[in-house]
Amino acid sequence: MEAGAKPMEPVLVETDAPPASAYEALLAPLRRFTVESVGVLDNHDFAILIPDPKTGEPIGGLWAQSRWGGFHIEMLIVPASLRGQGVGSRLMNAAETAARRQNCHHIWLETYNFQARPFYERFGFQVFGQIEGPAPIYPRFFMKKVLD
């Protein structure tokens, strides 16, 4: 840049359909910054997938990430055709086993009022935070389970 020249104004591109590669492109510098700041990147993805018997494509499962002693369950999806058969319980038990294996101290997740708060409470999760909003979607609950 020439002396006295103004820096270019960045272009901001807003989209409702970001490419999957954009997530990785943004995550890479964030992870570099984390390593520079604290010296270690302790992110471990974890998934249990339920494949479609015909196509093999995922139709449900659990997606989580462990980070610095915490295990965050990002998604839990049990297809309607499999509900009431203990599949959700199997997923939660497997997630807890994985969290313990990774030496996590707690598991946390978030759920909305219309979703699965009572289900998670059966596994020992308790609300530690809440965001209010219009029914029937809200409140939004942040829940955790401390692991011994």
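Summarised in this report is the structure supplied together with it.

What counts and how
Residues numbered from 1 in each chain as written. Predicted model: local features only at pLDDT ≥ 70, side-chain atom pairs only at ≥ 80, totals over all residues. Heavy atoms only, no water. Helix = DSSP H or I, 4+ residues; strand = E, 2+ residues; numbered from the N terminus. Rg over C-alpha atoms; globule rule 2.2 N^0.38 Å. Buried < 20%, exposed > 50% of the residue type's maximum accessible area, 1.4 Å probe, protein only. Contact = heavy atoms within 4.5 Å. Areas by Shrake-Rupley, 256 points an atom, 1.4 Å probe, with all protein chains shown as cover. Lys, Arg positive; Asp, Glu negative; His and termini not counted. Charge placed at Lys NZ, Arg CZ, Asp CG, Glu CD. Salt bridge = Lys/Arg side-chain N within 4 Å of Asp/Glu carboxyl O. Core = buried A, V, L, I, M, F, W, Y, C linked by side-chain atoms within 4.5 Å. Pairing = 2+ DSSP bridges. Axes fitted to C-alpha atoms, helices over the stretch in contact; angles between N-to-C directions.

Attention now moves to the overall build of the chain. Within the chain, the secondary structure is distributed over three helices and six strands. From first element to last, N terminus to C terminus, the chain shows the α and β order α-β-β-β-α-β-α-β-β. Relative to the compact-globule value of 15 Å for 148 residues, the chain shows a C-alpha radius of gyration of 20 Å, a clear excess of over 25%. Overall, the C-alpha framework of the chain stretches about 70 × 40 × 35 Å when taken along its three principal axes. Scored against the burial criterion, the 148 residues of the chain give a buried share of 28%. When contacts within the chain are restricted to residue pairs at least 6 apart in sequence, long-range pairs at least 24 apart make up 48% of them. If you sum the accessible surface of the chain, you get close to 10600 Å²; carbon and sulfur atoms cover 57% of it. Treating the 14 positive side-chain charges of the chain as one cloud and the 16 negative ones as another, the clouds have centres 9 Å apart.

In this structure the tally under the stated criterion is four salt bridges. Between E96 and R100 there is a salt bridge, with the nearest N and O atoms lying 2.8 Å from each other. With E96 and R100 both in helix 2 (residues 87-101) and four residues apart, this pair spans about one turn of that helix. In this structure, K145 and E96 form a salt bridge, with 2.7 Å as the shortest nitrogen-oxygen distance. You can see K145 sitting in strand 6 (residues 140-146) and its partner E96 sitting in helix 2, a full 49 residues away along the chain. Within this structure, E96, R100 and K145 form a network of salt bridges that share partners.

You can see G4 is positioned in the segment before helix 1 (20-38). Assessed through its relative accessible area of 82%, G4 is described here as exposed. Counting along the chain gives 138 residues from G4 to F142, while the straight-line C-alpha distance between them is 50 Å.

Attention now moves to the nonpolar core. Counting 23 residues, the largest nonpolar core has L62, F71, I73, M92 and F125 as its most contacted members. For this core, the secondary structure elements donating two or more residues are strand 1 (43-51), strand 2 (58-67), strand 3 (70-77), helix 2, strand 4 (106-112), helix 3 (117-121) and strand 6. When residues in this core are grouped by element, the largest group, six residues, is from helix 2. When near neighbours in sequence (up to four residues on either side) are disregarded, L62 contacts F46, A47, I48, I73, M75, L76, L91, M92 and A95.

With that settled, the discussion passes to the sheet that holds strand 1. Taken together, the six strands give an open sheet; going across it, the order is 1-2-3-4-6-5, and neighbouring strands pair in mixed fashion. The open sheet has two free edges, formed respectively by strand 1 and strand 5 (126-131), since each of these has just one partner strand. Between one strand axis and the next, the sheet turns by 20 degrees as a mean value, whatever way the strands run. In this sheet, strand 2 lies alongside strand 1 in antiparallel orientation, the contact comprising nine bridges. Across the sheet, H44 pairs through a bridge with S66, a residue of strand 2. Relative to strand 1, helix 2 is tilted by about 155 degrees, and along the sheet it contacts strand 1, strand 2, strand 3, strand 4 and strand 6.

Shape is all these values report; function is a separate question.
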